[in-house]
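Topology and contacts: notes
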Amino acid sequence: EVRLQAIRDGFAAANARIVSRVGELDDDAVTTSPTGAWSPAQIGWHVARTTEFLAGSMAGDIPDVLVAREPDFQEQLAEMHLPDRIKTFPMLEPPEDASRDSALAKLRSTMALFDGAVDKVTPERCAAECVRLPFGVFSLYEIGEFTSLHIRRHLGQIDRTVAS
């Protein structure tokens with residue numbers, strides 16, 4: 001399906017960009033953060049952990065977030081305005097000592113995980129299931145698209161962190 005291929009391609013491009021960005025920073029920059037903010041290594045680690053969660057949700061491996069698709073369900077991600085900052089779930093917060101190597105290893109491992117999740121998205125599941133997150137209910141397609149959006153948001157955060 002065209003939409004699933006676009007989701008797969010969008011994720012591959014965004015993930016490659018964040019792997020490159022975290023990998024290219026010098027040792028000091030990758031682990032330095034402004035007071036109260038995450039370092040680029042922590043951001044990379046968080047992105048990878050969030051991708052694991054979203055891929056698991058999309059694949060149907062996290063039943064707590066799956067809900068039946070309502071007959072009047074309308075996709076909302078394209079029109080949704082997310083605030084600049086969203087407090088993440090505690091399980092998605094990075095460790096204080098996240099390193100470049102741990103972040104890169106997690107980010108690289110998400111490629112196969114995400115591809116496997118996309119493989120489990122079928123028209124039948126899309127017609128029957130949605131994923132409930134704290135900020136809305138989304139189709140399985142939207143979860144795949146949000147995964148790339150999430151990475152792009154955090155690439156901007158890395159740039160702001162390094163510039164400060």
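Residues numbered from 1 in each chain as written. Predicted model: local features only at pLDDT ≥ 70, side-chain atom pairs only at ≥ 80, totals over all residues. Heavy atoms only, no water.

Describing the state of the cysteines
How we decide: Cysteine sulfur atoms are paired as a disulfide whenever they fall within 2.5 Å. Type-normalised accessible area, obtained with a 1.4 Å probe on protein chains alone, sets the label of each residue: buried when under 20%, exposed when over 50%, and partly exposed for intermediate values.
A complete count under the given rule lists 0 disulfides for this structure. Cys 130 supplies the cysteine sulfur nearest to Cys 126, a cysteine that is in no disulfide, at a spacing of 8.6 Å. Cys 126 gets classed as buried once you look at its relative accessible area, which sits at 4%.

Thoughts on the sheet that holds strand β2 (residues 129-133)
Formally: A pair of strands counts as paired when DSSP detects no fewer than two bridges linking them. Strands are runs of DSSP state E lasting at least two residues, helices are runs of H or I lasting at least four, and both sets are numbered from the N terminus onward. Orientation is described by lines fitted to C-alpha atoms, with helices fitted over the stretch in contact, and by angles between N-to-C directions that extend from 0 to 180 degrees. Residues count as neighbours in contact if any of their non-hydrogen atoms are within 4.5 Å of one another.
The strand order β1-β2-β3 describes an open sheet built from 3 strands, whose pairing is antiparallel. The open sheet has two edge strands, β1 (66-68) and β3 (136-139), and neither has a second partner. The mean inter-strand angle of the sheet, taken between neighbouring strand axes irrespective of direction, is 45 degrees. Sheet contacts for helix α6 (residues 140-163): β2 and β3; angle to β3, the most-contacted strand, approximately 100 degrees.

What about the side chain of Glu 142?
Rules: In this tally Asp and Glu are treated as negative and Lys and Arg as positive; neither His nor the chain ends contributes. Salt bridge, as used here, is a side-chain nitrogen of Lys or Arg placed within 4 Å of a carboxyl oxygen of Asp or Glu.
Mapped onto the secondary structure, Glu 142 falls in helix α6. Look at Glu 142: it is buried, it has no salt bridge, and the nearest opposite charge is Arg 3 at 5.6 Å. Those residues in contact with Glu 142 that sit more than four places away from it in its chain are Arg 3, Phe 73, Glu 75, Gln 76, Leu 77 and Val 137.

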